[in-house]
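For reference, the chains in residue letters:
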Amino acid sequence: MADAIVLISAESQKINEAAQAIVEIPGVRDVYSVAGDIDLVAVVSSAAFDDLTDIIPDGIAKVDGVLSTQTLMAFKTYSRKEMKAAFELGLD
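An account of the accompanying structure is given in this report. (Residues numbered from 1 in each chain as written. Predicted model: local features only at pLDDT ≥ 70, side-chain atom pairs only at ≥ 80, totals over all residues. Heavy atoms only, no water.)

Remarks on the environment of Ile 25
What counts, and what does not: For the purposes of this entry, the term helix denotes a DSSP run of H or I that reaches at least four residues, the term strand denotes a run of E that reaches at least two, and both are numbered from the N terminus. In what follows, a contact means two residues having at least one pair of non-hydrogen atoms within 4.5 Å.
Looking at the secondary structure, you find Ile 25 in the loop between α1 (15-23) and β2 (28-33). As a C-alpha pair, Ile 25 and Val 44 span 19 residues in sequence and 9.6 Å in three-dimensional space. What Ile 25 contacts, discounting residues up to four positions off in sequence, is Ile 55, Gly 59, Ile 60 and Val 63.

Take a look at the structure:
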């Protein structure tokens, strides 16, 4: 499993349309509209690292209104839900 967080800058008048188009791309789990230097954050998951090429540069970056992307690769996931389940199983 390969996970990534994609920081997206978009044309201000096309943020909503870009977000809606991005969330429809297979492999994109969620898209958040955020405040700050970037406009959108996409959470991406794929079965293999190589699949990220189809999702990010060939998908997200080509959406109308997207000006630039910056990708953060996830090495390890920490989840409150998963940690709670592990402690309930006695894996502390």
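Having seen it, we continue.
A short note on the nonpolar core
Here is the rule: We call a set of buried Ala, Val, Leu, Ile, Met, Phe, Trp, Tyr and Cys residues a nonpolar core when their side-chain atoms join them within 4.5 Å. When a residue's accessible area, from a 1.4 Å probe over protein chains only, is under 20% of the maximum for its type it is buried; when over 50% it is exposed; and in between it is partly exposed.
Of all hydrophobic cores here, the largest spans 20 residues; its most connected members are Ile 8, Ile 22, Val 28, Ala 42, Val 44, Ile 55 and Ile 60. Elements with a minimum of two residues in this core: β1 (2-10), α1, β3 (40-46) and α2 (52-55). When residues of this core are assigned to their parent elements, the largest contribution, five residues, is made by β1. Beyond its immediate sequence surroundings of up to four residues, Ile 60 is in contact with Val 6, Ile 8, Ile 22, Ile 25, Val 28, Ala 42, Val 44, Ile 55, Val 66 and Thr 69.

A few points about the sheet that holds strand β4 (residues 66-74)
Defined as follows: For two strands to count as paired, DSSP must find a minimum of two bridges between them. In this analysis an axis means a line fitted to C-alpha atoms, helices contributing only their contacting stretch, and an angle means the value between N-to-C directions, from 0 to 180 degrees.
Strand order in the open sheet formed by four strands is β2-β3-β1-β4, with antiparallel pairing between adjacent strands. Bordering the open sheet on either side are β2 and β4, each of which pairs with just one other strand. Neighbour-to-neighbour, the strand axes of the sheet open up by a mean angle of 20°, direction not taken into account. With eight bridges joining them, β1 and β4 adopt antiparallel strand pairing. Paired with Ile 8 across the strands is Thr 69, a residue of β4.

As for the environment of Val 44
Within the secondary structure, Val 44 is located in strand β3. Residue classification places Val 44 among the buried residues on the basis of a relative accessible area of 0%. Considered as a pair, Val 44 and Thr 71 are 27 residues apart in the sequence and their alpha carbons are 9.8 Å apart. Excluding anything up to four places from it in sequence, Val 44 contacts Ala 2, Asp 3, Ala 4, Val 6, Gly 27, Val 28, Leu 52, Ile 55 and Ile 60.

Here's the deal with the side chain of Ser 46
To keep things clear, this is the line we draw: We call two N or O atoms a polar contact when they sit within 3.5 Å, provided that within protein one can donate a hydrogen and the other can accept it, with sequence-adjacent residues counted only if both atoms are side-chain atoms.
Positionally, Ser 46 belongs in strand β3. A polar contact of 2.8 Å, which involves the side chain of Ser 46, links it to the backbone oxygen of Ala 48. If sequence neighbours within four positions are ignored, Ser 46 has contacts with Met 1, Ala 2, Asp 51, Leu 52 and Ile 55.

By themselves, these observations are geometric and do not establish any function.
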